[in-house]
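# Descriptive structure summary
Listed here are the chains, written in short residue letters.
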Amino acid sequence: MKGLFITLEGLDGAGKSTHLAWLESHFKAQGRAVVMTREPGGTPLGEHLRALVLSEAMHPETEALVMFAARCEHLAQVIRPALARGEVVISDRFTDASFAYQGGGRGIALERLEQLETWVHGDLQPDLTLLFDLPEAVAQARMQGRGEADRFEREKMAFHGRVRAAYLARAARFPQRIRVLDGSLGVEAVAAQVARLVVAL
Ligand code: TYD
C-alpha cells in the first residue's frame, strides 16, 4: 500500500489538535498503520530543538534554519521510513508553517525558504494539507487561559495576521494540496469538512 502524508496547519488556537485524534482513528479503522507526529519536533533531537526555538530569542534566519534542521532529522528518522513502509503519517505542522511564521511572521524572503525546502525535501510534499483558517483575533481569544504562552504565541496580533495571510497565500499557490477549512465554525462543522476531504483519499 502506498504511504500517505497528511499535514495540519493553522494559527495557534485554530483547533488543529481536536482533529488529529479523529484522523488517527479514521485511518486505523481502515486497518492502516498510522504515525502521529509534530513539528518542530518528532524525533529526540527535534524535540530538543523545539524546546530551544519555542523559548530562546534568536535571529529570524537562525530560527528558520533551526526549523529546517529539525525537519531534516524528522524526515530522515520518521517521515520517509514510515512512508516507505506504506504507513499514514499525520504531522501537526510541516514546511507550510515555516512559510507562514518565518516568512509571513518574521519577514524572511520566500526565495530563502524555497531554497531550504528544495534542499531538505525537494522530492517530497504532503499528499494533503488541511489549513484551519480563522481570523487572528478569534484564534487569540481561544488561546486565553491555555497555560503559559510560547515565544510565537506571545507575538502581537499583527504578527498573527501576517502568519494567517502567508498561510492563505501558500494555499492559493498550491490549491490541489492545501485545503482551507473554516476554523471559526464549531468543532462538529469543522470535523464534517475534515471527513469530506479525507474520505476522498
Ligand atoms: P504548535 O504545534 O502549535 O505548538 P502547541 O500546539 O504545542 O502550542 O507549534 C509550535 C509553534 O511553532 C507554533 O507557534 C508555530 C511554530 N512553528 C514555526 O514558527 N515554524 C515552523 O516551521 C513550525 C513547524 C512551527
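Anything mentioned here points back to the structure above.
All values derive from a computational prediction rather than experimental measurement. (Residues numbered from 1 in each chain as written. Predicted model: local features only at pLDDT ≥ 70, side-chain atom pairs only at ≥ 80, totals over all residues. Heavy atoms only, no water.)

### Quick word on the overall build of the chain
What the chain contains, in helices and strands, is eight helices and five strands. Written out in order from the N terminus, the α and β elements of the chain read β-α-β-α-α-β-α-α-β-α-α-β-α. Since a compact globule built from 201 residues should have a radius of gyration of about 17 Å, the 16 Å found for the chain is in line with a globular shape. With respect to the three principal axes, the spread of C-alpha positions in the chain is 45 × 35 × 35 Å. Split into buried and exposed, the 201 residues of the chain put 51% on the buried side. The long-range fraction of contacts in the chain, counting pairs at least 24 apart against all pairs at least 6 apart in sequence, stands at 79%. Surface summary for the chain: the accessible area is close to 9500 Å², and the carbon and sulfur share equals 57%. (Helix = DSSP H or I, 4+ residues; strand = E, 2+ residues; numbered from the N terminus. Rg over C-alpha atoms; globule rule 2.2 N^0.38 Å. Buried < 20%, exposed > 50% of the residue type's maximum accessible area, 1.4 Å probe, protein only. Contact = heavy atoms within 4.5 Å. Areas by Shrake-Rupley, 256 points an atom, 1.4 Å probe, with all protein chains shown as cover.)

### A look at the packing of helix H1 (residues 16-29) against helix H8 (residues 187-199)
The N-to-C vectors of H1 and H8 enclose an angle of 40°; their axes lie 11 Å apart at closest approach. Classified by the interaxial angle, the pair formed by H1 and H8 is oblique. Crossing hand, H1 versus H8: right-handed. Residue-level inspection shows Thr 18, His 19, Trp 22, Leu 23, His 26 and Phe 27 of H1 in contact with H8, the latter providing Val 187, Val 190, Ala 191, Val 194, Ala 195, Val 198 and Val 199. A breakdown of the residues in the contact of H1 with H8 according to their chemical character gives 10 nonpolar, three polar and no charged. (Axes fitted to C-alpha atoms, helices over the stretch in contact; angles between N-to-C directions. Parallel < 35°, antiparallel > 145°, perpendicular 65-115°, else oblique. Left-handed = near helix turned anticlockwise from the far one by under 90°. Nonpolar A, V, L, I, M, F, W, Y, C, P; charged D, E, K, R; others polar.)

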